[in-house]
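Notes for the structure review
Chain by chain, the residues:
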Amino acid sequence: MDAKNRISELIDLINYHNNRYYNEDSPEISDFEYDKLMKELIKLEEENPKLKRADSPSSRVGGKPLDKFNQVTHKIPMLSLSNAYSAQDLRDFDKRVRDSINEGVEYVVEFKIDGLSVGLTYNNGIFEKGATRGNGIIGEDITQNLKTVKTIPLKVEDNEEIVVRGEVYISKENFETINKIQEEEGLQLFANPRNLAAGTLRQLDSKLTAKRPLDIFIFNLEYIENTELKTHSESLEYLNKLGFKVSPNYKVFSDMDEIIKHIDYWTVNRSNLPFEIDGMVIKVNNLSQREKMGYTAKSPRWAIAYKFPAEQKKTKLIDIIVEVGRTGTITPTAILEPVRLAGTTVSRATLHNEDYINEKDIRIGDTVIVQKAGDIIPQVVEVVKDERTGDEIIFKLPEKCPVCSEPTVRLEGEAAVKCINISCPAQIRRGIIHFASRDAMNIEGLGESIVTLLLDNKIIKDIADLYYINKEDLINLERMGEKSASNLVNAIEKSKQNDLYRLINGLGIKYIGVKGAKVLAKNFKSLDEIINADMSELINLEEFGDIMANSVIQFFKEEKNIGVIKKLEDAGVNTKSIVSEDKGLVNIFEGMKIVLTGTLPTLKRNDAKEMIEARGGKATSSVSKSTTFILAGEEAGSKLTKANELGIPVIDENEFLEMIEHTSKEDVEMMIK
C-alpha cells in the first residue's frame, strides 16, 4: 500500500478508536496498540509532509512553539450571562421571559462547568480554528493547543460552516494527580482545576499542552448553515451525533419551581461529580423565542446563570500554629483535617488574629464549618458547638516570638500581636521573599524555598546580600544545578535596572505598598532625596497622611536600614527614579480613573496597570461614576455589569493597545467617546 492510502487508513482508524475511547467509553484496543498506530502515522507524515491531512490525529501531540497568540474576531459574539443568586432571582427571570414572549416556555438546564470558555469553527467538516472567549468580541487563536484536546473532533460529518462553544476543563481526579506530581517535584501547586486548565490552554508550546489531560463539554451551537433546528435541546442532540462531547445531564423543564428543586439537588450533590461546577445555566429552549427576546449589550435576555453559594464543609480543627510575617505580625493558622472544598483539598485556614479567634470562640479540637472567601481563601465560618466533648483547648497567642523568643507585644489600637525584634530570622526571611516578589524587584526564580535555602546555608543575611551572590555559591546547593544557578544570578543582575518604585516597595516600609512607592518615586528623583525628605514634604504628597509619612521617616532613621541601602548602592542597584518622560511617554491618561477587570488576552494585569500609570492615569479597583473607562478581558464579571449599568465606556485590549500609540490626551478622549 502506498504512503497516501496508508496515511488515510491510519487517520480513519485512529479517529475511530479515539471516538470509542473518549466519547463512547468503550475501547477496542490496548494503549500499546494505539501508540503503535500513532507512531506509524507520525513517521509516515514526517517522511511525506505534503500528505498530512488537516484532521490528522498526529496534531494531538502538539506543533512548533509560537511567539505569541494571534487575535481572532468571533463570528458570533461570545457573550457572558447575567447572574442569579436566589430562587427569587430565578422567578423574576421566568416572569421577564413569559412577559416578553406571551406564550408557554420550556427551559434547558445545564451544569455551569468551571473551566475556560472557547469557540470552535469547522469548515467542510474540518476543525479550522479555536479561540478563547477574550472580551466576547475578540479572543486569542489557540487552535494548535485545542487540537491536543482528545475530545474535540478534528473532523465531523457535516460540510457546512459550524461554530460551537464549549468549556475546557480538567477533571478533579486528573487535577489531584497533577498536583501530587508537582508536590513530589518540589514545584508550586495549582490553586484549582480552572486555573490549571486556563494556564495550560495559554501555553505557547502546544507540546506542553498535549501533556495535560484537558477535556471539553460543548454547550452551545453558535452558528450553522442550512440546517433547520427548532430547539436548543435538538441542537445538542445533533452535536452529539456529529461526535461532540455535549454538556452532560442537561434537562428540559417547563416549570420554574421544578427547576429550583433541580438546582437545590445539585447545590448539595455537586461534589459527587467528577468535574467542578460553580452553578447551573437556564436557557429558553425554543430558538425562535430566543430570537424574539434578543440581547442586551453584554448578555442574552433568554438565559441566566445561577451561581452556587460558597460551598461549606464540616471538618475537625486539629491544631493552631502561628507564623511570623515580614513586619513581625504573628498570624494564627488553623490546621484542619483535609477536606475537599470548591475544587481543592483544604488543610489550613487563616484565623487572622486573636480577636477573630475569641469572637468565634475557636478552640483546638473543635468541629468547624469552613468555606472559601470568594471561592479562594479558606476561612473558618463557625464552630459546631453542639459537637464539643469538653476536651477542646482554648488557644492563646504566644507571649514570646516562636522564632527568636523575644517578647511579643500588642500595640494600642491594633488587633495584631507582633514580634518587634527587627533581627528576627522569620522577619528577615519574609522580608527577602517580599523584596524578590513580582510587585517589588520581580526576581524570577527567587521564591520562598530558594530564599530559605540561601538563609539556611548562610549565603545571605539580608536583601543586599543577594547582589553579592556568585554562581559558585549556588551550584552545590540542593535543587541547584549549574543552569538554575546561572538563571538565578542573571535574574538578580537584571533586577538592578528596575525603576525606583520597585526598590522602595521591596524595602518593606510599613504602610507603603506599591501605590505609595509609586507616589514617592514620582515626586522624588532618587532614594537619597526620599531619605532626606522632611515631614512637611511627605505629608503633602497625594494620598499620604501622617501615618505613612511618619513611617517613611522612621524607616530611614534606622542605621541598619541605611547600611543595607548603602550595600545595595555599592552593588549597582538603581536608586534613581525612571520617570515616564525619560521613556518618551506622554500623559495621555492624565486625570483618568481606569478599572481593569477580567483576564486580558496577552497583557498581564500588572503590566497593563504600569502602562496606565506611566502615562499619567490612575488604575483603580472599583467602578464608580467617576471611572473614565473599563479595560475588560475574559470573565470580566460584576465590574463589567456595573459599568454597563452606569453607562461607563468599556474597551478591550486591542483598543487599549491602539490608545497607547497616541501622543495626545484629546485623541484618547475621542476614542473613549
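Note that the coordinates shown come from a computational prediction; the quantities given were computed from them, not determined experimentally. The written sequence of each chain sets the order in which its residues are numbered from 1. Where totals are concerned, whole chains, interfaces and linings use all residues; where local detail is concerned, this predicted model gives features only for residues with pLDDT of at least 70, and gives and counts side-chain atom pairs only at 80 or more. Only hydrogens and water are set aside; all other atoms, that is, all heavy atoms of the structure, feed into the side-chain values.

1. Side note on the UniProt feature "binding site: Zn(2+)" (unreviewed entry) in the chain
UniProt positions are given in the numbering used here, feature names are shortened, and annotations may be inferred rather than shown by experiment. Taken from the UniProt record, the annotation "binding site: Zn(2+)" (unreviewed entry) applies to C401, C404, C419 and C424. Maximum C-alpha separation among the annotated residues is 8.6 Å over a sequence range of 24 residues, consistent with a single clustered spot. A helix here means a DSSP run of H or I that spans at least four residues, while a strand means a run of E at least two residues long, and both kinds are numbered starting from the N terminus. Here C419 lies in strand β20 (residues 418-419). Here's how the labels work: a residue is buried when its accessible area is under 20% of the maximum for its type, exposed when over 50%, partly exposed in between, all with a 1.4 Å probe on protein chains only. On the basis of relative accessible area, C419 is assigned to the buried category, the value being 2%. Contact partners of C419, with chain neighbours within four places excluded, come to T327, G328, I330, C401, C404, C424 and Q427. Within the element layout of this structure, C424 appears in the loop between β20 and α12 (425-436). When neighbours within four sequence positions are excluded, C424 is seen to be in contact with V324, C401, V403, C404 and C419. When checking whether two residues touch, look at their non-hydrogen atoms; a contact exists if any pair is within 4.5 Å.

2. Concerning the sheet that holds strand β3 (residues 107-113)
Only when DSSP finds a minimum of two bridges between them are two strands counted as paired. The sheet built from five strands is open, its strands ordered β2-β11-β10-β3-β9 with mixed pairing. This sheet does not close on itself; its edge strands, each paired only once, are β2 (83-84) and β9 (251-253). Pairing of β3 with β9 involves three bridges; the strand directions are antiparallel. Pairing of V108 across the sheet is with V252, part of β9. Every axis in this analysis is a line fitted to C-alpha atoms, fitted for helices over the stretch in contact. Angles between the N-to-C directions lie between 0 and 180 degrees. Where helix α3 (residues 87-101) meets the sheet, its contacts fall on β2, β3, β10 (277-284) and β11 (303-307), and the angle it forms with β11 comes to roughly 175 degrees. Packing of helix α8 (residues 232-242) onto the sheet brings it into contact with β3, β9 and β10, and relative to β3 it is tilted by some 55 degrees.

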